[in-house]
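# Secondary and tertiary structure notes
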Amino acid sequence: MERSFKSRLLALFCIVALCALACFAVAGCENGQQPPAADQNQSQPAERPEPAAVDPNATRIFTDSLGRQVEVPVNITKVAPSGHMATQVLLTFAPEKLVGISAELDPAVVKYIGGDCANLPVFGAAFGAKGDLNKEAVAASGAQILIDTGERKEGIGEDLDALQEQLGIPCVFIETYLDGYGTGYRLLGDLLGMPERGEELARYCENAYQETQTVMATIPESERANIAFLLGDSGLNGIAKGSYQGQVVDMCANNVVVVDNPSGKGTGNEISLEQISVWNPEVIVFQSGSIYGKVGGDPVWANIDAVKSGRVYEVPSEPYCWLNNPPSVNQIMGVQWLPRLLYPDKFSTSIEDVTRSYYKTFYGYDLSDAELAELLAHAK
Amino acid sequence: MADDTLAAPAPAPAPASARSRGLEVARKNDRSARLFILGLAILMVVLVCVSLMLGRYPIEPVDAFKMLINKIIPLEQTWGAQAEVLFFNVRFPRILMALMVGACLAAAGAAFQGTFQNPLASPDILGASQGAALGAAIAILAGASAHVISATAFVFSMSTIVLVFLISSRAKGNRIMVTVLAGVMVSSLFSSGVSFTKLVADPTDQLPAITYWLMGSLTSVRLHDVAIAALPMALGCATLLLMRWRINVLTMGDDEAATMGVNARLIRVIVTLAATLITATSVAVTGMIGWVGLVIPHLCRMAIGCDYRKLMPASMLMGASFLLVVDNVSRLATTSEIPIGILTAFIGAPFFLYLIMRNKKL
């Protein structure tokens, strides 16, 4: 009895001690955090700890895509991306200024663009499915600014304000969308002091988009190809008409995947094979990793018009899928590829030339004949 | 009941008449239970017939049956080639699979509720589903094909149960309690494992694939999937059906079982393995479909009582019909599919709550 009472007392003591320790730890953290935060609030215009070391005086007011007025350093050399899309856009624009990336780079990305960036610290993504941005890692990297790109989502302004307060460095939003990459790249050029690079990429995006739009204006809806863009390991997920992921497909063809609730996610909507047979598309484009190579030998797929006539393709996916996944500036490649695939007579330039110029302009990569042939192997 | 008849001659007439009244009631219950099971069987056949006629691809209802008969007696072909291919490769296997998975999950749930004497037991109480989920998630991370993902899920699911048995055989204390606790702990450990794989997964393709897998779906079921799943499912279900009287004995406790000459530990292991086999197969083929295994046995219990000799076949039939109906909604309601795991709860839970409130006895 005596013994067990003693051991209980000991256990109780341990618990109390642990609790006390936890309290001290939390209090300690708060103490450690408070002064810079308070400092931040008081001396907002004057200086921030990190950028101050690089360029103490030269700051300016930058207006981002949301109309937020943010004070940023004039000379920016260290940039942190907010997530995967921002990493991707910045890799095309100024990889040398990145001090971190959102996730380990895919081998294909390393090959084409990110060679020097492969060893950068991984920050995670501030928004999106995981929201795992490591704020201390961002701070430790010495980044002068955090850049977010992509579509304008509800509440993004407040989220960036909050993030800015936590990180102590300016956070800006550059809106990018299919027919607005020109604006986005020019804004990025202005922000990072690289107006020529911004202009070069902006021109390319605008010309590519404009060319396709001009061609599509000459093709009435009734003459456009009936197409399905399918993915997943059974090919039973479709990118629906009107979805955020399907912009390029919708622009260049009649997307037969019409559903009540188009999903904006990269997995699209799940569709049954009976429904695909009802739609009976003339052309099917599969995402890589789906069943492109298997449909010919499958009796159910073999009865669909696209498979019967051999108009089944696999969209190239290196370094990024040309049509979506993510729906970012890689879509500018898709905007040029898909209409050339469907209406080859309407264009004066070949898909080979266009692919070479895109990879050169955006990734600084000279495609060899073999690489080009491999990219387009199932896409012509 | 056998004991009653043995002790019968001694007592006075009054208790005897009470006894005969008791037997009368038991016989009545027995008859109504048989009728209930027969009704469920007829309902299932009707539902299958209706389901065969429904689909997104227009196939004439008459043609659906003609095509089936045509397999045995050649008929004049009044249907298109694509209709036949779709019917036999997409619609028919999917209906079969819905029946099989529904029956298996309900049977496994009933078996676990009996063996662990726990009304909250469901097919995943020992971690079979979480084990399968972890296996599938790891396979998806490794970039495996669909069949490898299913196989890995199955192997992980079965290994989870072996692990739980190993742990509980080394622990002291109430055998049932220890096994369930070990199951719950291993299950939560594996579920953290799944969360971790989601964390390290590539957010553009692997993460959505894992999330999708976890939701469960019958969309991509083909004939060869049915063929592969049929053997373990038949094996497990047959074992449970043969064991159903012994599960009754298990529900009374180990000591009572021993007095009736039943080795409770052995029976429990066999029943658990059989139930896990069918759960693992179901989860491996279709992903996680919750709710069916927990609630269908209770619905049957409300109707016909706790006798596992009746409860087991009734649960199988009702589970099969229920999942078939839910899958019909999933494939017919909209042009895109609605994940079945979400629907089972949406359709089933309110119905179950209504029954609880109406019928106080559970």
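Residues numbered from 1 in each chain as written. Chains lettered and ligands numbered in written order. Predicted model: local features only at pLDDT ≥ 70, side-chain atom pairs only at ≥ 80, totals over all residues. Heavy atoms only, no water.

## What to know about the overall build of chain B
Here is the rule we go by: The secondary structure listing takes helices from DSSP runs of H or I that are at least 4 residues long and strands from runs of E that are at least 2 residues long, numbered from the N terminus. For a compact globule the rule gives 2.2 Å times the number of residues to the power 0.38, and the radius of gyration it is set against comes from C-alpha atoms. By definition in these notes, contact holds between two residues if any of their heavy atoms fall within 4.5 Å.
In terms of regular secondary structure, chain B is built from 15 helices and zero strands. For a compact globule of 362 residues, the expected C-alpha radius of gyration is about 21 Å, and chain B comes in at 23 Å, within 12% of that figure. With the C-alpha coordinates aligned to their principal axes, the bounding extent of chain B is approximately 75 × 55 × 40 Å. Nonlocal contacts in chain B, meaning residues at least 24 apart in sequence, comprise 74% of its contacts between residues at least 6 apart.

## What about the pattern of salt bridges?
Residues and elements named next belong to chain A. Defined as follows: A pairing counts as a salt bridge when a side-chain nitrogen of Lys or Arg comes within 4 Å of a carboxyl oxygen of Asp or Glu. With a 1.4 Å probe rolled over the protein chains alone, any residue whose accessible area is under 20% of its type maximum counts as buried; one over 50% counts as exposed, and the rest are partly exposed.
Under the criterion given, the structure shown has 22 salt bridges over all chains. Here Glu371 makes a salt bridge to Lys111, at a shortest N to O gap of 3.4 Å. Here Glu371, found in helix H15 (residues 369–375), pairs with Lys111, found in helix H4 (residues 107–114); they are 260 residues apart in sequence, far enough to count as distant. Residue class for Lys111 comes out partly exposed when judged on its relative accessible area of 40%. Residue Lys360 pairs with Asp366 through a salt bridge whose shortest N-O separation is 3.5 Å. Residue classification places Asp366 among the exposed positions, given a relative accessible area of 56%. Among the ionic contacts, a cluster of salt bridges with common partners joins Arg186, Glu199, Arg203 and Glu206.

## So, empty space enclosed by the protein
Selection rule: Within this scheme a cavity is a closed region of a 1 Å grid, computed over the protein atoms alone, that accommodates a 1.4 Å probe without allowing it to escape, whereas a pocket is open but has protein on both sides within 12 Å along at least five of seven lines; lining residues each have an atom within 4 Å of a point. Grid points are joined across faces, edges and corners, and a volume is the space filled by probe spheres set on the points. Lys, Arg, Asp and Glu make up the charged group, whereas Ala, Val, Leu, Ile, Met, Phe, Trp, Tyr, Cys and Pro make up the nonpolar group; the residues left over, Gly among them, are polar.
Within the structure shown, the criterion is met by three cavities of 30 Å³ or more. Put simply, the largest cavity is a space of about 60 Å³. Taken together, Ser272 and Glu274 of chain A together with Gly55, Arg56, Val90, Arg91, Arg94, Arg331, Leu332 and Glu337 of chain B make up the full set of residues lining the largest cavity. The set of elements that each furnish at least two residues to the lining of the largest cavity consists of helix H4 (81–115) and helix H14 (308–332) of chain B. Taken together, the residues that form the lining of the largest cavity break down as two nonpolar, two polar and six charged.

## Here's the deal with the confidence of the model for chain B
All names here are of chain B. The cut-off we apply is this: Each residue carries a pLDDT value, the predictor's own confidence for that position, ranging from 0 to 100.
Residue-level pLDDT values for chain B average 86, and 93% of them are 70 or greater. Scored below 50 in pLDDT, residues 1–14 shows two contacts in the model against residues more than four places distant or in partner chains. Both scores are given for the predicted complex: the pTM is 0.79, the ipTM 0.76.

## Overview of unusual backbone geometry
Excluding glycine, residues mostly have negative phi values, and the peptide bonds linking residues are mostly trans. Residue and element names in this part refer to chain A. Here Glu318 and Pro319 are connected by a cis peptide whose omega angle stands at -5°. Here Asn325 and Pro326 are connected by a cis peptide whose omega angle stands at -5°. Structurally, the position occupied by Pro326 is in the loop between strand S11 (312–314) and helix H13 (331–342). Of note in the backbone geometry, Asn280 takes a positive phi value of approximately 45° without being a glycine. A residue is classified by how much of its surface remains accessible, and Asn280, at 26% relative accessible area, is partly exposed.

## Structural notes on the nonpolar core
Let me state the cut-off plainly: Residues belong to a common nonpolar core when they are buried Ala, Val, Leu, Ile, Met, Phe, Trp, Tyr or Cys residues joined through side-chain atoms within 4.5 Å.
Counting residues in hydrophobic clusters, the biggest one holds 126 residues, and the most contacted among them are Trp301 of chain A together with Trp213, Leu240 and Met312 of chain B. Broken down by element, this core gets its largest block of residues, 21 residues, from H4 of chain B. Setting aside its immediate chain neighbours within four residues, Trp213 of chain B contacts Ala132, Ala133, Ala136, Ile140, Ile149, Ala153, Val283, Ala284, Gly287 and Met288 of chain B.

## Details of the domain arrangement of chain A
Residue and element names in this part refer to chain A. Cut-off, in case you're wondering: The split into domains, and so the bounds of each, comes from an automatic or database assignment of domains. Summed over both partners, buried area is the accessible surface (1.4 Å probe) that two parts give up on being assembled. N or O atoms within 3.5 Å of each other form a polar contact, as long as, within protein, one can give a hydrogen and the other can take it, and as long as residues adjacent in sequence are counted only when both atoms are side-chain atoms.
When the domains of chain A are assigned, the result is domain 1 (49–175) and domain 2 (208–375). Taking the mean C-alpha position of each, domain 1 and domain 2 sit 31 Å from one another. Between domain 1 and domain 2, the contact holds 11 residues from the first and 16 residues from the second. Across the domain 1 to domain 2 interface the summed buried area is about 1,300 Å²; carbon plus sulfur atoms make up 64%. Area buried by domain 1 at its contact with domain 2 is led by Gln88, Thr92 and Tyr112, which between them contribute 49% of it. Applying the counting rule to domain 1 against domain 2 returns one salt bridge. There are two residue pairs in polar contact (both at pLDDT 80 or more) connecting domain 1 and domain 2. Secondary-structure elements contributing two or more residues to the side of domain 1 that touches domain 2 are helix H3 (84–93) and H4. Residue composition of the side of domain 1 that touches domain 2, grouped by class: seven nonpolar, two polar and two charged.

## Here's the deal with the state of the cysteines
What we call a disulfide is simply a covalent bond connecting the sulfur atoms of a pair of cysteines. Basically, it comes down to this: The disulfide criterion used throughout: a pair of cysteine sulfur atoms within 2.5 Å.
Counted under the stated rule, the structure contains zero disulfides over all chains. The thiol of Cys117 of chain A is unpaired, and the distance to the nearest cysteine sulfur, on Cys205 of chain A, comes to 19 Å. Cys237 of chain B takes part in no disulfide bond, and the closest cysteine sulfur, belonging to Cys104 of chain B, lies 3.8 Å away. Take Cys237 of chain B: its relative accessible area is 13%, and that puts it in the buried class.

## Some remarks on helix H6 (residues 146–170) of chain B
All names here are of chain B. Quick reminder of the rule: Each residue after the first adds 1.5 Å to the expected span of a helix.
End to end, H6 covers 37 Å across 25 residues, agreeing with the expected 36 Å (1.5 Å per residue, within 8%). Turning to H6, its buried residues number three or more, namely Ile149, Thr152, Ala153, Ser157, Thr160, Ile161, Val164 and Ser168. Of the surrounding elements, those touching the buried residues of H6 are helix H5 (128–141), helix H7 (175–200), helix H8 (206–215) and helix H12 (264–286).

## Focus on the pairing of strand S2 (residues 69–73) of chain A
Residues and elements named next belong to chain A. We apply this condition: Strands were regarded as paired on the criterion that DSSP finds at least two bridges between them.
Looking at chain direction, strand S1 (residues 59–63) and S2 are connected through five bridges and run antiparallel. Looking at the pairing, Phe62 lines up with Val70 of S2. Connecting S1 to the next strand, S2, in antiparallel fashion are five residues, including Gly67 with a positive phi near 85°.

## What about the side chain of Thr197 of chain B?
All names here are of chain B. In this structure, Thr197 sits in helix H7. Given the relative accessible area of 5%, Thr197 is considered buried. From its side chain, Thr197 meets the backbone oxygen of Val194 in a polar contact 2.6 Å long. Beyond its immediate stretch of four places on either side in the chain, Thr197 contacts Leu134, Ala137, Ile138, Leu141 and Ile210.

## Description of a nonpolar patch on the surface
The test is simple: Any residue with relative accessible area above 30% and no salt bridge may belong to a patch, with like charges joined within 9 Å and the nonpolar Val, Leu, Ile, Met, Phe, Trp and Tyr side chains within 5 Å. Note on areas: Shrake-Rupley with a 1.4 Å probe; residue coverage comes only from the protein chains shown.
A surface patch of nonpolar side chains, amounting to about 520 Å² of accessible area, comprises Leu35, Leu38, Ile42, Val46, Val50 and Leu54 of chain B. As for its placement among the helices and strands, Leu38 of chain B is situated in helix H2 (residues 13–53).

## Topic: the packing of aromatic side chains
Stated precisely, the cut-off is as follows: Two aromatic rings from Phe, Tyr or Trp, using only the six-membered ring of Trp, form a pair when their centres are within 6.5 Å; if the ring planes differ by under 30 degrees the pair is stacked, by over 60 it is edge-to-face, and anything between is tilted. Two conditions define a charge located above a ring, namely a distance within 6 Å from the ring centre to NZ of Lys or CZ of Arg, and an angle within 35 degrees of the ring normal.
In the structure shown here, the tally under the stated rule is 17 aromatic pairs over all chains. With centroids separated by 4.8 Å and ring planes inclined at 70°, the aromatic side chains of Tyr112 of chain A and Tyr365 of chain A adopt a geometry described as edge-to-face. Linking Tyr112 of chain A in helix H4 with Tyr365 of chain A in the loop between helix H14 (351–363) and H15, this pair joins segments that are 253 residues apart in sequence. The two residues Tyr112 of chain A and Tyr365 of chain A agree in class, both being buried. Geometrically, the ring pair formed by Tyr358 of chain A and Phe362 of chain A is stacked, given 4.3 Å between the ring centres and 15° between the ring planes. Taken together, the positions of Tyr358 of chain A and Phe362 of chain A, both in helix H14 and four residues apart, correspond to about one turn of that helix. The exposure classification of Tyr358 of chain A matches that of Phe362 of chain A, with both residues buried. Taken together through their ring pairs, the aromatic side chains of Phe93, Tyr112, Tyr185, Tyr204, Tyr358, Tyr359, Phe362, Tyr363 and Tyr365 of chain A make up a single cluster. Cation over ring: Lys71 of chain B sits above Phe88 of chain B, and NZ or CZ is 4.5 Å from the ring centre.

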